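Here are the chains, one letter per residue:
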Amino acid sequence: MAERGFDLTVVLREANSAYAGENSILLKEYLAAYSELTRFFDLLGPIFSFVSRDLKDKIHTLQQHQRSEYREHYVTVQSMIRYEVDNELVHRKSPTGLRSGTQMLIRLHRPLQFIVEFMRQFRDSDETVRIPSLAMKVYNKTLAKYHMWIVRKAAKLAVYTLPGRRTLMETLCKQEPEKVVELITPVTDAVQIVYDEVQAVYSQHNLLHLP
C-alpha cells in the first residue's frame, strides 16, 4: 500500500454528502471531495504541479466566500450562482474583494470531467494499455477545447511522463490496487451525479461559456 496518496474513500464519502437531492449540491462537501482529488495531481510529479496549484487557488477562494459575511449565500452551488447572478457579481469581485465564486467553480467543474473519464478509462484498461495515450485521449475529449494551444502542448508533454498502470495505482492511491479498481465505479458514479447537477445549474443560467 502506498504511504502517500489520495484516498478514494474520502472522495466517495464527500461526493455522496455533497448531493443533497435534486437541484442541491452542498458547496462545502463538494470542495472537500475536490480537495482530495487535487492530491492526484500533486503525486503525478512536478510537471503537474501547476495544475494542482491552480485548482487549490480556486478552492481557497470559494472557502473564503464561505467564511465571509455573505456566507449564507454560499451554502449550495445553486444558492451561490443565484446570489451572484442576481447581484451582478459573476463578472466582478464581491463586496469583500473576492473573485467571483461562479467563475472559480466552473474552472473546477471542467477538470472534474477529465478526472471522471480518466478514472473510468483507467478502470477498463489492462496492462497492455499505455497510460499516457489513454490520458491524452481523455484530455482531447474533455479539457482541450477550453485551453489555448500552448496549454494543450504543455498537457501533451505532461501526460507522457505518466508511469504504467500498476505503478500509477501504487503511487497515487492509499488503497491496494485491487481495492482501487473496486472503488472506481462507485466513486465515478457519485462524482458524475454531482457533475451533472452543477452542469445543469450553469446551463440554466446560460453560464457554461464563462472563461
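Above: the structure in question.
This structure is a prediction, so every number in the text was calculated from the model and none was measured.

Q: Hey, could you run me through the layout of surface pockets in this one?
A: Vacant regions in the atomic arrangement are exposed by a probe of water-molecule size rolled over the atoms. Roughly 530 Å³ of volume is contained in the largest pocket. In terms of lining residues, the largest pocket is bounded by 22 residues, among which V51, P111, L143, H147 and V151 are the most central. Elements supplying a minimum of two residues to the lining of the largest pocket: α3 (49-67), α5 (101-123) and α7 (149-159). When residues of the lining of the largest pocket are assigned to their parent elements, the largest contribution, five residues, is made by α3. Residue composition of the lining of the largest pocket, by class: 17 nonpolar, one polar and four charged.

Q: Is there a simple way to explain the pattern of salt bridges in this structure?
A: As a working rule, side chains carrying opposite charge can pair if their charged atoms are close by. Summed over all chains, the structure comprises eight salt bridges. In this structure, E36 engages R39 in a salt bridge whose closest nitrogen and oxygen atoms are separated by 3.3 Å. One end of the pair, E36, and the other, R39, are both in helix α2 (residues 27-42), three residues apart, so they sit about a helical turn from each other. By relative accessible area, which is 11% here, E36 ends up buried. Under the relative-accessibility criterion, R39 is labelled partly exposed at 29%. In this structure, the salt-bridge partner of R166 is E178, at a minimum N-O distance of 3.7 Å. In this pair, R166 is assigned in helix α8 (residues 165-172) and E178 in helix α9 (residues 177-204), connecting sequence segments 12 residues apart.

Q: Just to check I follow, could you spell out the nonpolar core for this structure?
A: What tends to happen in soluble globular proteins is that the nonpolar side chains get buried as a cluster. Of all hydrophobic cores here, the largest spans 67 residues; its most connected members are L8, Y30, L105, L108, F118 and Y202. With sequence-adjacent residues up to four places away left out, L105 is seen in contact with L27, Y30, L62, V77, M80, V198 and Y202.

Q: Could you clarify how one ought to interpret empty space enclosed by the protein in this entry?
A: Considering all chains together, one arrives at three cavities of 30 Å³ or more under this definition. What lines the largest cavity is simply F6, L8, F40, F118, M119, F122, L168, M169, L172, C173, V180 and I184. Put simply, the parts of the chain that give the lining of the largest cavity at least two residues each are α5, α8 and α9. If you go around the second largest cavity, the residues you meet are A15, A18, Y30, A33, Y34, L37, L112, V191 and V194. Counting only elements with at least two residues in the lining of the second largest cavity, the list comes to α1 (8-18), α2 and α9. Sorting elements by how many residues they give to the lining of the second largest cavity places α2 first, with four residues. Of the residues that constitute the lining of the second largest cavity, the class distribution is nine nonpolar, no polar and no charged.

Conventions and cut-offs
- Residues numbered from 1 in each chain as written.
- Predicted model: local features only at pLDDT ≥ 70, side-chain atom pairs only at ≥ 80, totals over all residues.
- Heavy atoms only, no water.
- 1 Å grid on protein atoms, 1.4 Å probe; cavity = no way out; pocket = protein on both sides within 12 Å on 5 of 7 lines; lining within 4 Å.
- Points joined across faces, edges and corners; volume = space filled by probe spheres on them.
- Helix = DSSP H or I, 4+ residues; strand = E, 2+ residues; numbered from the N terminus.
- Nonpolar A, V, L, I, M, F, W, Y, C, P; charged D, E, K, R; others polar.
- Salt bridge = Lys/Arg side-chain N within 4 Å of Asp/Glu carboxyl O.
- Buried < 20%, exposed > 50% of the residue type's maximum accessible area, 1.4 Å probe, protein only.
- Core = buried A, V, L, I, M, F, W, Y, C linked by side-chain atoms within 4.5 Å.
- Contact = heavy atoms within 4.5 Å.

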